[in-house]
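Chain residues, written in single-letter form:
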Amino acid sequence: MNKIALLLSFVLGSFVFVNAQRNPAPAPTPSENPINSDRQRAISGRSDNLRLTEKFPVHTSANTKIFRENIRPLYRDLKKDEKELVALNGEDAEKYAEFLKQKNTGLIKMISDRGCDKNFNVVISSPHCEKYSMPGAAASYSFRAGQYRLRQLGDIIFTGGQFQGVGELTHGIFVNIGDVPLEKVDLQTNGVSFLMTIAPSEDMEKADELTKKLLAEEGIKNGEFIYRSIMPVAENRTYVLRSIAYRGNIYRTIQGMVYDELEFDKRREITVAFRVVRLEGEESATILWKELDNQKTPKLKFEEEN
């Protein structure tokens, strides 16, 4: 219960922070996710940097330096040596090669969270955090963006033998549907159909209420299924995650420079089915997944905007 109480405080704090920092700025434009090749990633990255540099107040050489050296790296993709740290087991890659030929599927290795980016503005000095130097330390992954991300922008976090969906301005809703072959799971599968009826809200107070229910021990129950933002990890079980990343604003300050963090994110609602195909204690989990649904999300509104 203490873990749940801390998570509840953390997630609700995210909603409250945005409420207190709101500004009538335009809705953020999601960053595109380059996926095809290193060359395409480099070209897209330069284009993205240019767009973001123009959007943020970086019209002085000092601000440009802060942006390029201290802000943009927080939202980057993995470097070559970091990719090697999360390289897949050869047997797994071969076993699921046929499945991975399908569109919108993936196989990823997640490393258990050790608090490397609990405070994104503070560098944690430890052998583990220095080793896993990528954003999120490989413990947090965004299916929306197709890459490892800071925990507040991830769809799924692997920590302490649990999966968590507690990103900022995000409702992560898990359901364990049992030992169902991943190939057979769709939006009409038993346990998934109800998940899709949980309606996202444009109202901040209603969004907070849903957050409380999802973080409570009992979660939301329907028949034999329980829907929560925290789910124990188990092999030979199929999970479905519906991640609703609301549009809005999250203002951060680094070295006196204020920026909207959600400009670096693709705010969408995505539903994925996945299985843990390799579990190494609480150290790492390899996940095979496929996308079931992907759609636009509402922007959270405040009382003054209604």
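Residues numbered from 1 in each chain as written. Predicted model: local features only at pLDDT ≥ 70, side-chain atom pairs only at ≥ 80, totals over all residues. Heavy atoms only, no water.

### Some thoughts on the overall build of the protein
In terms of helices and strands, the protein carries eight helices and 14 strands. Per-residue burial over the protein gives 51% buried out of 306 residues. Accessible surface, the protein: about 14800 Å² in total, of which carbon and sulfur atoms supply 49%. (Helix = DSSP H or I, 4+ residues; strand = E, 2+ residues; numbered from the N terminus. Buried < 20%, exposed > 50% of the residue type's maximum accessible area, 1.4 Å probe, protein only. Areas by Shrake-Rupley, 256 points an atom, 1.4 Å probe, with all protein chains shown as cover.)

### Digging into the pattern of salt bridges
The final tally for this structure, using the stated rule, is 14 salt bridges. Here R278 ties to E91 by a salt bridge, and the two come within 3.9 Å at their closest N and O atoms. Of this pair, R278 sits in strand 13 (residues 268–280) while E91 sits in helix 5 (residues 90–95), and the two are 187 residues apart along the sequence. In this structure, R278 engages D92 in a salt bridge whose closest nitrogen and oxygen atoms are separated by 2.7 Å. On the criterion of sequence distance, the pair formed by R278 in strand 13 and D92 in helix 5 is long-range, its members being 186 residues apart. For D92, a relative accessible area of 4% translates into the label buried. Each of the salt bridges in this network shares a partner with another, and the network as a whole consists of R144, R149, D155, D265 and R267. (Salt bridge = Lys/Arg side-chain N within 4 Å of Asp/Glu carboxyl O.)

### Describing the packing of aromatic side chains
Applying the stated rule across the entire model yields 14 aromatic pairs. With a centroid separation of 4.2 Å and 15 degrees between ring planes, the pair formed by Y75 and F264 is classed as stacked. Of this pair, Y75 sits in the loop between helix 3 (61–71) and helix 4 (80–85) while F264 sits in the loop between strand 12 (257–260) and strand 13, and the two are 189 residues apart along the sequence. Residue class for Y75 comes out buried when judged on its relative accessible area of 4%. With a centroid separation of 5.2 Å and 15 degrees between ring planes, the pair formed by Y239 and F274 is classed as stacked. (Phe/Tyr/Trp six-rings, centres within 6.5 Å; stacked < 30°, edge-to-face > 60°.)

### Some words on the sheet that holds strand 5 (residues 162–164)
Hydrogen bonds between backbone atoms are what pair the strands of a sheet, whose relative direction is either parallel or antiparallel. Ordered by their spatial adjacency, five strands build an open sheet running 3-2-4-5-9, and the pairing between neighbours is antiparallel. Edge strands, defined here as strands with exactly one partner in the open sheet, are strand 3 (147–148) and strand 9 (230–232). For strand 2 (residues 140–142) and strand 4 (residues 156–159), the ladder comprises two bridges, and the chain directions are antiparallel. Bridge pairing in strand 4 places Y141 opposite I156. (Pairing = 2+ DSSP bridges.)

### Side note on the pairing of strand 11 (residues 251–254)
Here four bridges tie strand 11 to strand 12, and the two strands are oriented antiparallel to one another. By the bridge assignment, Y251 is partnered in strand 12 with D260.

### Section: helix 3
Working note: α-helix, 3.6 residues per turn, so residues spaced by three or four point in the same direction. Of all the positions in helix 3, only T64, I66, F67 and I71 are classed as buried. All buried residues of helix 3 fall inside an arc of 160 degrees around its axis, so they share one side. Opposite the buried face of helix 3, by more than 90 degrees, sit the exposed residues S61, K65 and R68. (Arc of directions from axis to C-beta.)

### Notes on the sheet that holds strand 1 (residues 105–111)
With antiparallel pairing, the five strands of this open sheet are ordered in space as 1-14-13-10-6. This sheet does not close on itself; its edge strands, each paired only once, are strand 1 and strand 6 (170–178). Adjacent strand axes in the sheet meet at a mean angle of 30 degrees when their direction is disregarded. (Axes fitted to C-alpha atoms, helices over the stretch in contact; angles between N-to-C directions.)

### Comments concerning the nonpolar core
In terms of nonpolar packing, the biggest core is built from 40 residues, with I71, Y75 and V240 touching the most fellow members. At four residues, the largest contribution of residues to this core is made by helix 8 (residues 204–215). In this structure I71 touches I66, I254, M257, Y259 and F264, once residues within four positions along its chain are discounted. Within the second largest apolar cluster, 29 residues are counted, among which are L78, C129, Y141 and F143. (Core = buried A, V, L, I, M, F, W, Y, C linked by side-chain atoms within 4.5 Å. Contact = heavy atoms within 4.5 Å.)

### Description of the pairing of strand 1
Most of strand 1 is tucked away: seven of the seven residues are buried. Of the two faces of strand 1, the one carrying T105, L107, K109 and I111 and the one carrying G106, I108 and M110 are both buried. As judged from the seven bridges shared by strand 1 and strand 14 (residues 284–296), these two strands associate in the antiparallel manner. Counted as the bridge partner of G106 is W289 from strand 14.

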